[in-house]
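Inside the fold
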Amino acid sequence: MIHRRVKPLLGTFVEVGFTQQNQVGSLSVAVCLERAFAAIANIEQLLNGHAADSELTLLNRRPGVWLSLHRHTRRVLRLAKALGQQTQDRFNVTVGGELTRKGLLPCFVEHDYLDRGDARDIELQGHQVRLKRPVVITLDGIAKGYAVDMAVSALRKAGVKGGWVNAGGDLRVFGEQSLAVKIRDVDGYQQPLKLHNCALASSRYAGFQVQDFTSAIIAKDGIPSPQTEEIISVQSRFAWRADALTKVFVGIEGQARKEIIASLKGKLPALHGGE
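Residues numbered from 1 in each chain as written. Predicted model: local features only at pLDDT ≥ 70, side-chain atom pairs only at ≥ 80, totals over all residues. Heavy atoms only, no water.

1. Considerations on the overall build of the protein
The helix and strand inventory of the protein stands at seven helices and ten strands. Counting all 275 residues of the protein, 53% fall into the buried class. For the protein, the exposed area adds up to about 12,800 Å²; of that, 49% sits on carbon and sulfur atoms. (Helix = DSSP H or I, 4+ residues; strand = E, 2+ residues; numbered from the N terminus. Buried < 20%, exposed > 50% of the residue type's maximum accessible area, 1.4 Å probe, protein only. Areas by Shrake-Rupley, 256 points an atom, 1.4 Å probe, with all protein chains shown as cover.)

This is the structure in C-alpha cells:
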C-alpha cells in the first residue's frame, strides 16, 4: 500500500509518500507524514524572503550586525556561500536588491541597499551571521531543495526506510524506494527517468520578462537570463544541491554546461546532454 499526502507549502504543493513495507518502528503513518511536513514548514518560516517575520528578513534588515540565527539558517547560508565561491558567484544569493528594485521581491528593509554583492558579503562565525555590506539575500534558489532534504531526514528518523518528497519541481527519492518520473521540455516531450537514492530539480526559464519570480534569473554579468524558454533539470545526491545547480549554468551551453555541473557534484539527465 502506498501512503501519500499533499499539502500547500513553499509556495507550491508538497507531496510526501512511501509504501507500507518501507514504514517501520512504532510511529503511525500519519505521524511520519506530519513530521515531514513540519520539517518543511520550519524551513519555510526561517528562510522565506517574502515574509516580514522570517529570520532571513531580519538578517536583511540589519547589515553589519552579528545575529544569532537558527542552525538551519546558518547552514543554508554556509552552503550558499560555499557554492558561490566555487562558481565564482554564478550562484549568487546576494542579488535580492536587484530583484527587489524590479518588483520581484517585497521590500522589507528601510536602509539603502546594493543591487547585488558576492559570497564574501556573507560572514559566519560560530552561531552568528553578519552581512558585511547592505545586500539583500534571497534563498529562493536553494531553500526549497533544503526543505525537501529536511523532510527526508525527518522521515528517516521516524523509521521510514524509503520514500519520496516532491515540492513542485524539487524531488528527492531515498532509501529502498524507487520512483519513475518523466522530465518534460518546453515542447512537451517527456523523457522517462527512474530515480533511486537521488534528487532531481527542475526550473523553467523564459527570460526576465515574466511575472513568475521563479523564472527571473539574473546572470553573473548582470544580463537577464536568455529570452529563449528552457526547462533545466539537474540530478544530485541532495535536493538543495540539485535545486541550486539549476541556476548555475544559465547562459552556458553544450559540453561546458555538462562539465561545470559534474564538477559541482551534479548530473544532467540525457535531455540536457547528460549520460
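2. Observations concerning the side chain of Ser203
You can see Ser203 is positioned in strand E8 (residues 190-205). With relative accessibility at 11%, the residue Ser203 sits in the buried group. Excluding anything up to four places from it in sequence, Ser203 contacts Glu230, Ile231, Ile232, Thr246 and Lys247. (Contact = heavy atoms within 4.5 Å.)

3. Side note on the sheet that holds strand E3 (residues 67-68)
Pairing within the open sheet is antiparallel, and its three strands lie in the order E3-E5-E4. If you trace the sheet from one side to the other, it starts and ends with E3 and strand E4 (122-125), each paired once. In this structure, E4 lies alongside strand E5 (residues 128-131), joined through four bridges in antiparallel fashion. From the neighbouring strand, Glu123 faces E5, where its bridge partner is Arg130. (Pairing = 2+ DSSP bridges.)

4. Concerning the pairing of E5
Judged by which residues are buried, E5 turns out to be one-sided: Val129 and Leu131 face inward and are buried, whereas Gln128 and Arg130, on the alternate face, are not. Here E3 runs beside E5; their pairing, made up of two bridges, is antiparallel. If you follow Leu67 over to E5, its bridge partner there is Val129.

5. Considerations on the environment of His72
Tracing the backbone shows His72 in helix H3 (residues 71-86). Beyond its immediate chain neighbours, meaning those up to four positions away, His72 contacts Asn42, Ile43, Leu46, Tyr146 and Met150. Here the side chain of His72 touches Tyr146 through a polar contact of 2.7 Å, side chain to side chain. (Polar contact = N/O pair within 3.5 Å; in protein donor to acceptor, adjacent residues only side chain to side chain.)

6. Side note on the nonpolar core
Counting 63 residues, the largest nonpolar core has Ile137, Leu139, Ile142, Leu155 and Val165 as the members making the most contacts within it. By residue number, the principal contributor to this core is helix H1 (residues 29-47), which donates ten residues. In contact with Leu155, not counting residues within four places along its chain, are Val16, Phe18, Cys32, Ala36, Val160, Val165 and Phe174. Among the nonpolar cores identified, the runner-up in size contains ten residues, and Val181, Leu193, Leu195 and Cys198 belong to it. (Core = buried A, V, L, I, M, F, W, Y, C linked by side-chain atoms within 4.5 Å.)

7. Concerning the confidence of the model for the protein
Across the protein, the average pLDDT comes to 87, with 85% of residues at 70 or higher. Overall, residues 208-215 carries pLDDT values under 50, and its contacts beyond four positions in sequence, including any with other chains, amount to 25 contacts. (pLDDT = per-residue confidence, 0-100.)

8. Re the sheet that holds strand E7 (residues 170-184)
Across the sheet, seven strands lie side by side as E1-E2-E6-E7-E8-E9-E10; this open sheet has antiparallel pairing. Two strands lie at the open edges of the sheet, namely strand E1 (2-9) and strand E10 (266-267), each paired on one side alone. Pairing analysis gives eight bridges linking E1 to strand E2 (residues 12-19), with the strands arranged antiparallel. Each bridged residue has a counterpart across the sheet, and for His3 the counterpart in E2 is Phe18. Packing against the sheet, helix H5 (residues 143-157) makes contact with E2, strand E6 (162-167), E7 and E8, and its axis sits at approximately 150° to E7. (Axes fitted to C-alpha atoms, helices over the stretch in contact; angles between N-to-C directions.)

9. Side note on the packing of H1 against H5
Contact geometry for H1 and H5: axes closest at 8 Å, N-to-C directions at 150°. Judged by the angle between their axes, H1 and H5 are roughly antiparallel. H5 is crossed by H1, and the crossing has right-handed handedness. Contact residues: Cys32, Arg35, Ala36, Ala39, Ile40, Ile43 and Leu47 in H1; Ala143, Tyr146, Ala147, Met150, Ala151, Ala154 and Leu155 in H5. (Parallel < 35°, antiparallel > 145°, perpendicular 65-115°, else oblique. Left-handed = near helix turned anticlockwise from the far one by under 90°.)

10. Overview of the environment of Ile142
Within the element layout of this structure, Ile142 appears in the loop between E5 and H5. Along the primary structure Ile142 and Leu79 are separated by 63 residues, whereas in three dimensions their C-alpha atoms are 8.9 Å apart. If sequence neighbours within four positions are ignored, Ile142 has contacts with Val76, Leu79, Ala80, Phe91, Trp240, Asp243 and Ala244.

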